[in-house]
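These are the residues of each chain, in order.
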Amino acid sequence: MRQLARPICMIAALVLLVGCESKESTSPAPATQASSSSSAGKKIKVALLPKKLGVPYFSTCADGAKAAAQELGNVELIYDGPTDGSAEKAASMIGKWSLQGVDVIAVSPNDPDVLAGQMKKAREKGAHVITWDADGAPGTREFFVNQATAQEIGYKLVDTLAKDIAAAGGSPDVADPKQATGKVAIITAALTAANQREWMKYMNERLKEYPNLQLVEVKPSNEDQKLAFQTAQDLMKAYEDLKGIWAISSVAFPGAAEAIKQAGKAGKVQVTGLATPNDMRKFVEDGTVKSVILWNTNDLGYLTVQVARAVVDGKLKSGDTIFHAGRLGDKKVAGDNVLLGDILVFTKENIGKFNF
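Residues numbered from 1 in each chain as written. Predicted model: local features only at pLDDT ≥ 70, side-chain atom pairs only at ≥ 80, totals over all residues. Heavy atoms only, no water.

K.L.:
Would you mind showing me how to read the overall build of the protein chain here?
P.N.:
Helix and strand counts for the protein chain stand at 11 helices and 14 strands. Taking contacts inside the protein chain between residues at least 6 apart in sequence as the whole, the part at least 24 apart equals 75%. Accessible area of the protein chain: about 14,500 Å², with a carbon and sulfur share of 50%. (Helix = DSSP H or I, 4+ residues; strand = E, 2+ residues; numbered from the N terminus. Contact = heavy atoms within 4.5 Å. Areas by Shrake-Rupley, 256 points an atom, 1.4 Å probe, with all protein chains shown as cover.)

Now the structure itself:
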């Protein structure tokens, strides 16, 4: 436990320094916002803003969003974002859409603090603002379309890597994850990403149940796969006895897996994280990766557009506990979070059944 104290404190300090992510925005909608009833059923424009354009994770979300817009028939979808992941450029796009009179702006904030000003201004000008994939700063949105709770994701990440490390040291059928031993590290996206800060907070909490795992480093990759590759290489050189890496962004995970493969350490250094099955399939099939964690990204985009339409129509309101989301059926509403739920774990046995 003494070995864990310093790195755990590092994460706790990071979380406190950057700030806590809001899970429930209690501020009311601006008085200038158009009443939902006046737009109910009318054709609306919905702008879907990812953290970074061109990332397969967000592209598959966009596919689901397009399917929802087509199914609803009265939604014009705009999908656009910065190609370099710049939060400043994302903020500028929010401002542009607000001036153009877009009805709903759905934001996955890369840096909640940088985007907060334009998100608030958009609401003041009458647009509905929701978040998806990652939450915004307090008072910047009406609802958050959340893939799963931060606790569920953080716990699943820790439990899965512990299982994979334990299995690598013995028979997978009898290995006890609680006996997982060794040094581990985290490669995140941006240190300002609100969702990843929350996941790490709960990873830190869950790690207390694995006293033989020593967290040694937390490194950003800035949504750059080449940087994630280099960071994983650097970690393996710095800690020759490294046993595992969490790569907790869809860009960091394939980069880290490739680094482990090229270093000839497949099976010696375990890596798990969050990415689409299509991005990780080759690493799972060749044995570099045992487990991939995610949710159905297509469904996340679909749910976001369903929520956007319902907010405009007044069919999703504060205090609701259930939201009917088209082909997805009923989804739980916790406070002002609409939950997709259903974390998936892809392995060699099931990854071939998924195509996204």
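Back to the write-up after that little detour.
K.L.:
Help me out: how do you make sense of helix α9 (residues 252-262) in this one?
P.N.:
Of all 11 residues that make up α9, 8 are buried, and the element is covered over most of its length. Of the residues making up α9, those classed as buried are A252, F253, P254, G255, A256, A257, A259 and I260. Contacts from the buried residues of α9 go to β6 (182-188), α8 (225-238), β8 (242-247), β9 (270-273), α10 (277-285) and β10 (292-294). Note on α9: the residue one or two positions beyond its end, G264, has a positive phi of about 70°. (Buried < 20%, exposed > 50% of the residue type's maximum accessible area, 1.4 Å probe, protein only.)

K.L.:
Mind showing me how you'd approach the packing of aromatic side chains here?
P.N.:
When we look at a pair of aromatic rings, we describe it by the centre distance and by the angle of the planes. Under the counting rule described, the total for this entry stands at 8 aromatic pairs. Relative to F356, the ring of F346 has its centre 6.0 Å away and its plane inclined at 70°; by these criteria the two rings are edge-to-face. Within this pair, whereas F346 is found in strand β14 (residues 344-346), its partner F356 is found in the segment after β14, the two being separated by 10 residues in sequence. Summarising the aromatic geometry, the rings of F354 and F356 are spaced 6.4 Å apart at their centres and angled 85° between planes, so their arrangement reads as edge-to-face. According to the relative accessible area criterion, F354 is partly exposed, its value standing at 26%. (Phe/Tyr/Trp six-rings, centres within 6.5 Å; stacked < 30°, edge-to-face > 60°.)

K.L.:
What's the story with the side chain of R206 in this structure? I'm lost.
P.N.:
Looking at the element boundaries, R206 is found in helix α7 (residues 194-207). If we ignore the near neighbours within four places in the chain, the residues touching R206 are Y155, V158 and D159.

K.L.:
Quick question: what am I supposed to make of the layout of surface pockets here?
P.N.:
To find leftover empty space, one rolls a probe the size of a water molecule over the atoms. If you add up the space inside the second largest pocket, you get close to 240 Å³. Forming the boundary of the second largest pocket are 12 residues, of which K163, D164, K290, S291 and E349 lie nearest the centre. Residue contributions to the lining of the second largest pocket peak at 3 residues, all from helix α6 (residues 150-168). Residue classes in the lining of the second largest pocket are distributed as 4 nonpolar, 3 polar and 5 charged. (1 Å grid on protein atoms, 1.4 Å probe; cavity = no way out; pocket = protein on both sides within 12 Å on 5 of 7 lines; lining within 4 Å. Points joined across faces, edges and corners; volume = space filled by probe spheres on them. Nonpolar A, V, L, I, M, F, W, Y, C, P; charged D, E, K, R; others polar.)

K.L.:
I tried to follow the sheet that holds strand β7 (residues 213-220) on my own but got confused; where do I start?
P.N.:
As a general point, the strands of a sheet are linked pairwise by backbone hydrogen bonds and lie either parallel or antiparallel. In spatial order, the strands read β7-β6-β8-β9; together these 4 strands make up an open sheet with parallel pairing. Looking at which strands have only one partner, the edges of the open sheet turn out to be β7 and β9. Across the sheet, the mean angle separating the axes of adjacent strands is 20° when strand polarity is ignored. Note that β6 and β7 share 7 bridges and pair parallel. Following the sheet pairing, K183 is matched in β7 by Q214. Each of β6, β7, β8 and β9 touches α6; the most contacted strand, β9, lies at about 160° to it. (Pairing = 2+ DSSP bridges. Axes fitted to C-alpha atoms, helices over the stretch in contact; angles between N-to-C directions.)

K.L.:
Explain the pattern of salt bridges to me, please; I cannot follow it from the model alone.
P.N.:
It is possible for side chains of opposite charge to pair when their charged atoms get near one another. Under the defined criterion, the tally for this structure stands at 15 salt bridges. The salt bridge involving D159 is made with R206; its shortest N-O contact spans 2.9 Å. Here D159 is found in helix α6, whereas its partner R206 is found in helix α7, with 47 residues between them in sequence. A network of salt bridges, in which partner residues are shared, links D159, K178, R206 and E209. (Salt bridge = Lys/Arg side-chain N within 4 Å of Asp/Glu carboxyl O.)

K.L.:
Where do I start with the environment of F356 in this structure?
P.N.:
You can call F356 buried: its relative accessible area is 10%. The sequence separation of F356 and T60 amounts to 296 residues, and the corresponding C-alpha distance is 6.3 Å. When residues no more than four places from it in sequence are discounted, the contact partners of F356 are T60, T276, P277, N278, L294, W295, N296, T297 and F346.

K.L.:
Quick question: what am I supposed to make of the packing of α6 against α7 here?
P.N.:
Packed helix pairs are specified by the crossing angle of their axes together with the interaxial distance, meaning the distance between the axes. Taken N-terminus to C-terminus, the directions of α6 and α7 make an angle of 50°; their axes are 7 Å apart at the nearest point. Between α6 and α7, the angle falls in the class oblique. The handedness of the crossing between α6 and α7 comes out as right-handed. Contacts from A150, Q151, I153, G154, Y155, L157, V158 and D159 in α6 reach E198, W199, Y202, M203, E205, R206 and L207 in α7. (Parallel < 35°, antiparallel > 145°, perpendicular 65-115°, else oblique. Left-handed = near helix turned anticlockwise from the far one by under 90°.)

K.L.:
How do you make sense of the environment of D164 when you look at a structure like this?
P.N.:
The residue D164 is located in helix α6 in this model. Note on D164: relative accessible area 2%, which makes it buried. D164 sits 13 residues away from P177 along the chain, and the two C-alpha atoms are 7.7 Å apart. In this structure D164 touches Q270, T272, K290 and S291, once residues within four positions along its chain are discounted.

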